[in-house]
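# Structural characterization, general
As a plain string of letters, each chain reads:
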2 protein chains.
Amino acid sequence: MRLSRSFLPTLKENPAEAQIVSHRLMLRAGLVRQTASGIYAWLPAGLKVLRNIGQIVREEQDRIGAQEVLMPTLQSADLWRRSGRYDAYGPEMLRIQDRHKRELLYGPTNEEMITDLFGQAVKSYKELPQALYHIQWKFRDEVRPRFGVMRGREFLMKDAYSFDVDYASAVTSYRRMLLAYLRTFQRLGVQAVPMRADTGPIGGELSHEFLILAPTGESGVYYDAALGEQDWLDEPVDTNNPEALEAFFNRVTTPYAATDEMHDTAAWENVPAERRREGRGVEVGHIFYFGNKYTKALDVSITGPDGNKLYPEMGSYGIGVSRLTGAIIEACHDENGIIWPDSVAPFKAAILNLKMGDTLCDDVCERIYAAAPEDFLYDDRAERAGVKFADADLMGHPWQIVVGPRGAKEGIVELKRRATGERREVSVDDALALVLAG
Amino acid sequence: MRLSRSFLPTLKENPAEAQIVSHRLMLRAGLVRQTASGIYAWLPAGLKVLRNIGQIVREEQDRIGAQEVLMPTLQSADLWRRSGRYDAYGPEMLRIQDRHKRELLYGPTNEEMITDLFGQAVKSYKELPQALYHIQWKFRDEVRPRFGVMRGREFLMKDAYSFDVDYASAVTSYRRMLLAYLRTFQRLGVQAVPMRADTGPIGGELSHEFLILAPTGESGVYYDAALGEQDWLDEPVDTNNPEALEAFFNRVTTPYAATDEMHDTAAWENVPAERRREGRGVEVGHIFYFGNKYTKALDVSITGPDGNKLYPEMGSYGIGVSRLTGAIIEACHDENGIIWPDSVAPFKAAILNLKMGDTLCDDVCERIYAAAPEDFLYDDRAERAGVKFADADLMGHPWQIVVGPRGAKEGIVELKRRATGERREVSVDDALALVLAG
């Protein structure tokens with residue numbers, strides 16, 4: 001994409017309304033614009049990030065056999081009355097009346113609807129386990145929306161729901177999802193630590209939050225260093241094998257990890273001092289087992305192995321997709337701007353033409369641009385070199401290919417890696433090859 | 001995907017609530033389920049179709065340089081007050097109050113918001129032309145929702161908006177979009193005819209509807225056969241050349257074409273009798289030039305070439321993405337079910353195992369399934385052959401690979417093309433190769 005023809009409006013100044021770094025950088029890099037309190041429009045670069053994140057989330061859900069559906073944003077109030085949550089939910093639920101005075105709501109989550117859809121389609125234990133997910137916009141009417149997309153009102157979320165015949169099978173589904181989450185966050189280029197979460201009235205140990213480590217995070221976190229050193233993509237866990245999943249689960253959940261809310265100082269003392277890690281984190285995912293709470297409330301039963309009716313055991317599993325754009329920036333930035341992980345960057349590389357109109361520079365840039373894949377951005381604006389450097393750092397492209405008149409004469413460009421700041425002079429052909437290989 | 005593990009609930013009986021064939025077939029084939037009046041959840045197969053359509057629409061928008069953004073579903077009422085449409089819109093607009101009693105609405109269209117976003121980012125004529133689009137859920141509170149997703153309330157639409165410095169340039173943008181639309185519909189596997197539409201108070205000729213020809217269509221259509229015979233994908237029109245676009249536009253819009261609303265019997269008499277085609281059509285797209293109506297109303301100006309301020313000229317361009325799933329079925333079905341065009345089919349082929357448990361049948365099926373790409377569906381259910389044949393026809397897979405015990409013994413399967421009903425016996429290897437080549 002040519003920057004001169006692009007809708008990528010960067011801002012030089014820090015917007016006054018932005019209190020945290022990800023919000024500032026998302027506005028300055030032209031990723032989003034606020035259109036109403038806590039509601040954002042995604043500009044081309046922001047949408048690319050949102051879609052890259054969504055695609056990785058999708059692939060890891062599909063990998064464990066979860067099936068994608070798409071439920072609507074608006075739901076009938078009646079459905080929520082059946083579960084008892086319509087009155088319980090409080091003012092964060094956006095309640096709506098249509099022209100016939102029928103009550104609707106903008107879905108903040110989908111336990112009721114998925115249970116209802118499941119019940120219409122599945123009649124026998126033979127069809128279980130099932131896991132269904134969707135990636136859809138949701139709304140929570142936060143009393144004070146802030147921090148940009150980190151605490152917006154209209155937000156994009158992946159929510160998955162599992163259905164199993166019994167507790168043992170539900171636990172296996174839960175463990176399978178935990179593995180998928182660890183893989184997902186690692187592929188997104190961030191370190192996420194699973195922390196045991198409060199299970200409320202249901203009790204038990206089957207609730208985990210996932211926090212991305214970031215110095216600006218909202219929660220304090222305490223964890224055993226063992227957890228931070230794992231390569232989850234390299235785990236050869238057979239996701240169809242309950243024993244393998246159990247062993248994996250025990251290995252992941254045994255080391256100490258807790259947010260300040262759940263922190264247990266006595267247990268913390270038992271972690272060897274050299275392995276204790278304290279920091280801050282941003283919550284980006286939450287998985288939860290809740291048994292047959294919704295299948296019972298909505299009277300959704302299936303025929304069990306003994307011919308009797310049975311209320312399937314459920315879990316729900318959320319990832320904040322739009323929130324992740326902010327959370328990744330919180331974890332990946334410096335004083336000059338965003339440092340996108342390769343897997344989610346809106347553009348893999350920017351070609352910076354330091355002297356537009358110079359035949360040699362133009363030629364070299366056009367040659368690279370013509371040979372490059374679609375996700376290269378060509379900064380062909382009539383701007384000073386300093387502006388181009390600053391904008392490229394701000395927008396956070398993993399690579400910058402810098403084309404100046406001196407080098408162009410000899411077919412040489414400068415290749416800069418945003419994350420390390422490393423620069424080197426390479427031939428035009430090598431530049432493209434290095435970016436594509438990296 | 002294995003059908004036995006899939007969330008693809010087909011129905012044997014015709015649902016009583018469905019009045020038209022596409023609605024019946026979408027419910028029976030397990031593509032959607034209604035969750036509230038005029039509001040639908042998309043099950044896995046339906047979502048695949050929706051995404052396939054969206055992707056083709058996206059590629060053709062990108063091809064002409066339109067840039068994708070994503071605006072939120074909810075909008076501030078204030079924005080619509082500035083254009084004067086908040087009060088004018090009537091009861092089809094879903095109006096919402098949030099917890100602070102601020103007025104929001106569920107966007108039925110996005111002229112105001114895109115104009116506002118454009119105005120925040122673009123300051124000079126040098127940055128024009130621009131075209132921005134998004135594919136997002138919208139809501140129109142139809143008084144009587146019906147015909148399934150064809151006239152739903154929550155619906156998915158691609159809407160694009162062009163911004164130009166003057167009328168001549170705006171007309172070029174309009175013509176470019178018309179070409180993109182013809183290519184889009186052809187790639188979707190349907191014949192869409194552009195019809196001049198009523199431009200209302202603005203006047204002029206720059207409004208066209210696109211109707212898919214289907215015997216069950218809502219509108220009568222009259223058109224010159226010349227229009228129905230074009231291969232738009234084979235048109236070598238340079239979309240950056242205004243003259244080429246003008247010549248193309250004249251060629252497309254000169255032959256007679258009109259819906260019954262706009263039908264001119266005198267002009268119709270001038271079409272040679274052998275070229276007159278009458279039929280019915282379903283509207284799936286609409287393009288519209290409206291000048292500076294919204295830039296003026298929202299006071300969004302840029303600096304013109306002469307240094308004076310200038311209100312950009314706009315057009316808007318819609319495609320009903322969710323509606324198209326129904327419209328394509330209206331055009332592509334028979335008494336047994338859907339006949340998906342290859343480009344939008346949820347599954348390219350189904351492997352029908354006629355005798356589950358038979359070692360030879362199972363082996364042949366597993367062998368094909370293991371070698372096949374992801375969009376093959378394996379019907380591994382413990383059902384009779386008749387049920388599998390009927391469901392495959394109903395779901396409309398372009399190809400069926402039928403594996404029975406007699407053929408399996410000799411490594412032979414039956415390959416059926418859904419659209420023609422043609423069947424032939426081929427070797428296992430040839431079956432896969434033929435499907436992938438076709």
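Above this note sits the structure.
One structure accompanies this document, and this report is about it. Because the structure is predicted, anything quoted here is derived from the model rather than measured.

## Considering helix H13 (residues 385–395) of chain B
All names here are of chain B. Every buried residue belonging to H13 is among Val387, Lys388, Asp391, Ala392, Asp393, Leu394 and Met395, and all of these are buried. Where H13 is buried, its residues meet helix H1 (21–28), strand S18 (337–338), strand S19 (349–353), strand S20 (376–379), strand S21 (399–403) and strand S22 (412–417). A positive backbone phi angle near 80 degrees is found at glycine 396, which sits one or two residues after H13.

## Some points on the sheet that holds strand S20 (residues 376–379) of chain A
All names here are of chain A. Reading across the sheet, the 5 strands line up as S20-S19-S21-S22-S23 and stay open at both edges, with mixed pairing between neighbours. Only two strands of the sheet have a single neighbouring strand rather than two, namely S20 and strand S23 (423–427). For this sheet, the mean inter-axis angle between neighbouring strands, taken without regard to orientation, is 25 degrees. As paired strands, strand S19 (residues 349–353) and strand S21 (residues 399–403) are joined by 5 bridges and run parallel to one another.

## A word on the interface of chain A and chain B
Contact residues are listed per partner, giving 60 residues for chain A and 60 residues for chain B. Between chain A and chain B the total buried area reaches about 4,700 Å² when both faces are included, carbon and sulfur atoms providing 59% of it. Put simply, chain A and chain B have 4 salt bridges between them. Taken together, chain A and chain B are joined by 22 residue pairs in polar contact (both at pLDDT 80 or more). Residue composition of the side of chain A that touches chain B, grouped by class: 33 nonpolar, 11 polar and 16 charged.

## Looking at the packing of helix H6 (residues 167–187) of chain A against helix H8 (residues 242–253) of chain A
Residue and element names in this part refer to chain A. Between H6 and H8, the shortest axis-to-axis distance is 9 Å and the interhelical angle comes to 60 degrees. Overall, the two elements H6 and H8 adopt an arrangement that is oblique. Seen from above, H6 lies across H8 with left-handed handedness. Here Thr172, Tyr174, Arg175, Arg176, Leu178, Leu179 and Leu182 of H6 lie close against H8, whose contacting residues are Pro242, Leu245, Glu246, Phe248, Phe249 and Val252. Residues that form the contact of H6 with H8 fall into these classes: 9 nonpolar, 1 polar and 3 charged.

## Observations concerning helix H2 (residues 44–63) of chain B
When the terminal C-alpha atoms of H2(B) are compared, their 28 Å separation across 20 residues agrees well with the 28 Å that a helix rising 1.5 Å per residue should span. Phi turns positive one or two residues past the end of H2(B), at Gly65(B), with a value near 85 degrees.

## Thoughts on the nonpolar core
Formed by 180 residues in total, the largest nonpolar core has its most connected members in Trp42(A), Phe185(A), Trp42(B) and Phe185(B). The contact partners of Phe185(A), leaving out residues within four places of it in the chain, are Val190(A), Ala192(A), Phe210(A), Val284(A), Gly285(A), Ile319(A) and Leu324(A). Membership of the second largest hydrophobic core comes to 29 residues, among which are Met93(A), Ala121(A), Leu310(A) and Ala41(B).

## Comments concerning the environment of Arg63(B)
All names here are of chain B. Residue position: arginine 63 is located in helix H2. For arginine 63, a relative accessible area of 39% gives the class partly exposed. Along the chain, arginine 63 and threonine 239 lie 176 residues apart, while their C-alpha atoms are 9.2 Å from each other. Residues contacting arginine 63, with those up to four places away along its chain left out, are Arg183 and Thr239.

Each value, and the rule that gives it
- Residue indices begin from 1 for each chain and proceed along its sequence in written order.
- Both sets of labels track the order of writing: A upward for chains, 1 upward for ligands.
- Thresholds applied to this predicted model are a pLDDT of at least 70 for local features of residues and 80 or more for the giving and counting of side-chain atom pairs; totals over whole chains, interfaces and linings are not thresholded and use all residues.
- With hydrogens and water excluded, all non-hydrogen atoms of the structure serve as input to the side-chain values.
- Working definition: with a 1.4 Å probe on protein chains only, accessible area under 20% of the residue-type maximum means buried, over 50% means exposed, and in between means partly exposed.
- Per the convention used, a helix needs a DSSP run of H or I reaching at least four residues, while a strand needs a run of E reaching at least two, with both numbered from the N terminus.
- In what follows, residue pairs with any heavy atoms lying within 4.5 Å of each other are defined as contacts.
- At least two DSSP bridges between two strands are required for those strands to pair.
- Orientation is described by lines fitted to C-alpha atoms, with helices fitted over the stretch in contact, and by angles between N-to-C directions that extend from 0 to 180 degrees.
- Here the quantity called buried area is the total loss of accessible area, with a 1.4 Å probe, experienced by two parts when brought into contact, counted for both.
- Salt bridge, as used here: a side-chain nitrogen of Lys or Arg that lies within 4 Å of a carboxyl oxygen of Asp or Glu.
- Side-chain atoms alone can form a polar contact between residues adjacent in sequence; in general such a contact is a pair of N or O atoms within 3.5 Å, and within protein one must be able to donate a hydrogen while the other accepts it.
- All amino acids are sorted into three groups, where Ala, Val, Leu, Ile, Met, Phe, Trp, Tyr, Cys and Pro are nonpolar, Asp, Glu, Lys and Arg are charged, and the leftover types, Gly among them, are polar.
- The cut-offs work like this: below 35 degrees is roughly parallel, past 145 is roughly antiparallel, 65 to 115 is roughly perpendicular, and the gaps in between are oblique.
- The crossing is said to be left-handed when, going from far helix to near helix, the turn is anticlockwise and less than a right angle, and right-handed when the turn is clockwise.
- In this scheme, a helix's expected span is set at 1.5 Å multiplied by one less than its residue total.
- In plain words, nonpolar cores are sets of buried Ala, Val, Leu, Ile, Met, Phe, Trp, Tyr and Cys residues tied together by side-chain atoms within 4.5 Å.

By themselves, these figures tell us nothing about what the structure is for.
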